[in-house]
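# Structural description and commentary
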Amino acid sequence: MSVSFSLSPEQVGLKRAAREFAEANLRDLAETVRTEPDPVRRAALARPAFEKAVAAGFLKGLIPVPFGGAAGGGVDAAILIEEWAAHSPDFVISMAGPLIALVPVYEVGTPGQIARFVAPFLADAGAPLAAMAYSEPGGSANFDAPPPAEGTRTTAVPDGDHYVINGHKAWASHLPGWDGDGPDLMTIVCRAPGGVSLVVAEREHLAGHLEVEEYHDLPALRGCLTATVRLVDVRVPRANLLGREGQGVELCRNAFVGSGASIGTFAVAAMRRAFEVALRFATTEKRGGAVPIVEHQSVADVLADAKGRIEAVRLLSWRALDAALGGDPHGPEWALHAKVFGSETAVDVITELVKVVGVSAYDTAFPLLRYLNEALAYPVIEGSNTGVRRRQLQALLRTPGYDPLAASGMA
Ligand SMILES: Cc1cc2nc3c(=O)[nH]c(=O)nc-3n(C[C@H](O)[C@H](O)[C@H](O)COP(=O)(O)OP(=O)(O)OC[C@H]3O[C@@H](n4cnc5c(N)ncnc54)[C@H](O)[C@@H]3O)c2cc1C
């Protein structure tokens, strides 16, 4: 990342292309998705835009270059995510499944596994889906807890050359796939004889062995097809085990580093839209007084504080994504701060902006509460701050020899 913090000409081009794509394909989609009551129908509404994004090379742009893709650096990812999430964070989350599900493949996949599992996402047509099946309906913050705690309950039982997988998974976007037969690839966190492990199931293994028990109806991010599914005797070749049995906890934590960092950028996108709305209101509305309300010091103070906090989270998230996707050893620490600080700042900032607008904001037709509802998701998704992320920060602080200056390079 350039220490001048100026976007390169290529990044300016990326920003323009991403914004044009979002304005042409995501703005109206977001409106339609918001009002469609059926979770399956509203997820399907995104498919044409998804196919256009794949055809335009955006999906390939999520896959690192050494694995055949065209991903740029972390700041490039931040630019793309911010521009798209400003219109439709749910679209980005649905499309970005490979950003989590393929990370362990890159980390420990054999050449054969890499070739097979990455191939669907290098396509320039269709709408391939990947899901990281970590969360379970009974809770997943303690997925690594050893017996007698339940920890991960989904089991992978060896049967000759196969594992037979049974259990329940929840929340991950597009667990049922477009048609109920599963995504193209599902990285399943499960308990094998050697401990918590990651096993990749492909559509051919999932079709007919996946039952949707419940679709979740989200207050925001409504285009994410989130469901509770039951995996019933999913037979997967043992060759689809990633790394070794028992390596799942470590691989799973690493898989959520980049996506955790990206939550800071999702938070920026929600704050940016909310700020635009509140600023327009404050500079145009007098509310019966003599001057636009921005002329009142109390209102201007809130707007000024909000703007500063948005810029702070944007820079933190650029730094975090740059570190997380660039293989910086301090990437996990940066990602955790972007996730925790970014998500909680967004909830605070947008709540303050609602107060600036006043009662007019408390109408779903007024375009402000929708961003608060989006922001409220960010402390609880990608590992809730309370149950998962702060515990990871605590573990870092307790590491013998932890140097608080190391991540910034100022040690
Ligand atoms: C739109 C969307 C997309 C998602 N995408 C995915 C995905 O791709 N893949 C996936 O697997 N999941 C996904 N999720 C789920 C998400 O990652 C959750 O963050 C994850 O399930 C963990 O939630 P949790 O920490 O609340 O867990 P839970 O286990 O339900 O814990 C609930 C609460 O209990 C408390 N708690 C539990 N244990 C502890 C502890 N040891 N210490 C302190 N407090 C504790 C905390 O307050 C915690 O928040 C998604 C969810 C949504 C809404």
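The protein goes by Acyl-CoA dehydrogenase family protein in an unreviewed UniProt entry, where it is assigned to Pseudonocardia lutea. If you open the UniProt record of the protein and go to Sequence similarities (unreviewed entry), you find "Belongs to the acyl-CoA dehydrogenase family." What UniProt records for the protein under Cofactor (unreviewed entry) is the sentence "FAD".

## Looking at the domain arrangement of the protein
The domains assigned to the protein are domain 1 (9-122), domain 2 (130-245) and domain 3 (249-397). The centre of domain 2, based on its C-alpha atoms, is set 30 Å off from the matching centre of domain 3. Listed per partner, the contact involves twelve residues of domain 2 and eleven residues of domain 3. Here the side of domain 2 that touches domain 3 is composed, by residue class, of ten nonpolar, one polar and one charged.

## Notes on the site of the ligand
Around the ligand sit 26 residues in total, of which Tyr134, Gly139, Ala172, Ser384 and Gly387 are the nearest. Listed by contribution, the elements that provide at least two residues to the shell around the ligand are β1 (130-133) and α15 (385-397). Of the residues forming the shell around the ligand, the biggest block, four residues, is contributed by α15. Tallied by class, residues from the shell around the ligand come to 14 nonpolar, ten polar and two charged.

## Some thoughts on the UniProt feature "domain: Acyl-CoA dehydrogenase/oxidase C-terminal" (unreviewed entry) in the protein
As recorded in UniProt, the sites labelled "domain: Acyl-CoA dehydrogenase/oxidase C-terminal" (unreviewed entry) are residues 246-386. The span residues 246-386 shows a helical share of 74% and a strand share of 0%, and its end C-alpha atoms are spaced 25 Å apart.

## Observations concerning the nonpolar core
Where a protein is soluble and globular, its nonpolar side chains tend to be buried together. Ranked by size, the top nonpolar core spans 127 residues in total, and within it Val199, Ile350 and Leu353 carry the most contacts. It is helix α11 (residues 248-284) that contributes the most residues to this core, 19 residues altogether. With near-sequence residues (within four places) excluded, leucine 353 lies in contact with Ala274, Phe275, Ala278, Ala306 and Leu368.

## Structural notes on unusual backbone geometry
Here the bond from proline 147 into proline 148 is cis, since omega is 15°, no more than 30 degrees from zero. For proline 148, the location among the structural elements is in the loop between β1 and β2 (155-159). Look at tryptophan 171: it is not a glycine, yet its phi comes out positive at around 75°. In this fold, tryptophan 171 is placed in the loop between β3 (162-170) and β4 (185-192). In this structure tryptophan 171 comes out as buried when scored by C-beta crowding, with 20 C-beta atoms within 10 Å. For aspartate 233, which is not glycine, the phi torsion reads 50° and is therefore positive. Mapping aspartate 233 onto the fold places it in strand β7 (residues 227-237). A tally of 11 C-beta atoms within 10 Å means that aspartate 233 is categorised as exposed.

## Concerning the pairing of strand β5 (residues 195-202)
In terms of burial, β5 is a largely internal element, six of the eight residues being buried. One ladder, built from eight bridges, connects β4 with β5; its direction is antiparallel. When the sheet's bridge partners are listed, alanine 192 is paired in β5 with glycine 195. Hairpin remark: β4 followed by β5, antiparallel, with two residues in the connecting loop. Two strands pair when backbone bridges link them, and β5 and strand β8 (residues 241-242) are joined in this way by two bridges, in the antiparallel orientation. Opposite leucine 198, over in β8, you have leucine 242 as the bridge partner.

## Side note on helix α1 (residues 9-25)
The end-to-end C-alpha distance of α1 is 24 Å, a good match for the 24 Å that 17 residues give at a rise of 1.5 Å each. Those residues of α1 that fall on the buried side of the exposure criterion are Leu14, Ala18, Ala22 and Asn25. Taken around the axis of α1, the buried residues stretch over an arc of 90°, which confines them to a single face. Residues of α1 that are exposed and angled more than 90 degrees away from the buried face: Pro9, Val12, Gly13, Arg16, Glu20 and Ala24. Close packing links the buried residues of α1 with α2 (27-35), α4 (47-55) and α5 (74-85).

## With respect to α4
Buried within α4 are the following residues: Ala49, Phe50 and Ala53. The arc enclosing the buried residues of α4, seen along the axis, measures out at 105°, which places them on a common side. If you follow the buried residues of α4, they end up packed against α1, α2 and α6 (89-95). Glycine 57 sits one or two positions beyond α4 and adopts a positive phi of about 90°.

## Observations regarding the packing of α11 against helix α14 (residues 369-377)
Axis separation between α11 and α14 bottoms out at 9 Å; the angle between their running directions is 165°. Relative to α14, α11 is oriented roughly antiparallel. α14 is crossed by α11, and the crossing has left-handed handedness. Between α11, through Ala267, Ala270, Arg273 and Ala274, and α14, the contact on the second element is made entirely by Tyr371, Glu374 and Ala375. When the residues that make up the contact of α11 with α14 are grouped by side-chain class, the tally is five nonpolar, no polar and two charged.

Definitions and limits used
Residues numbered from 1 in each chain as written. Predicted model: local features only at pLDDT ≥ 70, side-chain atom pairs only at ≥ 80, totals over all residues. UniProt positions renumbered as here; feature names shortened; annotations may be inferred. Domains from an automatic or database assignment. Contact = placed C-beta atoms within 7 Å. Nonpolar A, V, L, I, M, F, W, Y, C, P; charged D, E, K, R; others polar. Near = placed C-beta within 6 Å. Helix = DSSP H or I, 4+ residues; strand = E, 2+ residues; numbered from the N terminus. Core = buried A, V, L, I, M, F, W, Y, C linked by C-beta atoms within 7 Å. Buried ≥ 20, exposed ≤ 12 C-beta atoms within 10 Å, placed from the backbone. Pairing = 2+ DSSP bridges. Expected span 1.5 Å × (residues − 1). Arc of directions from axis to C-beta. Axes fitted to C-alpha atoms, helices over the stretch in contact; angles between N-to-C directions. Parallel < 35°, antiparallel > 145°, perpendicular 65-115°, else oblique. Left-handed = near helix turned anticlockwise from the far one by under 90°.

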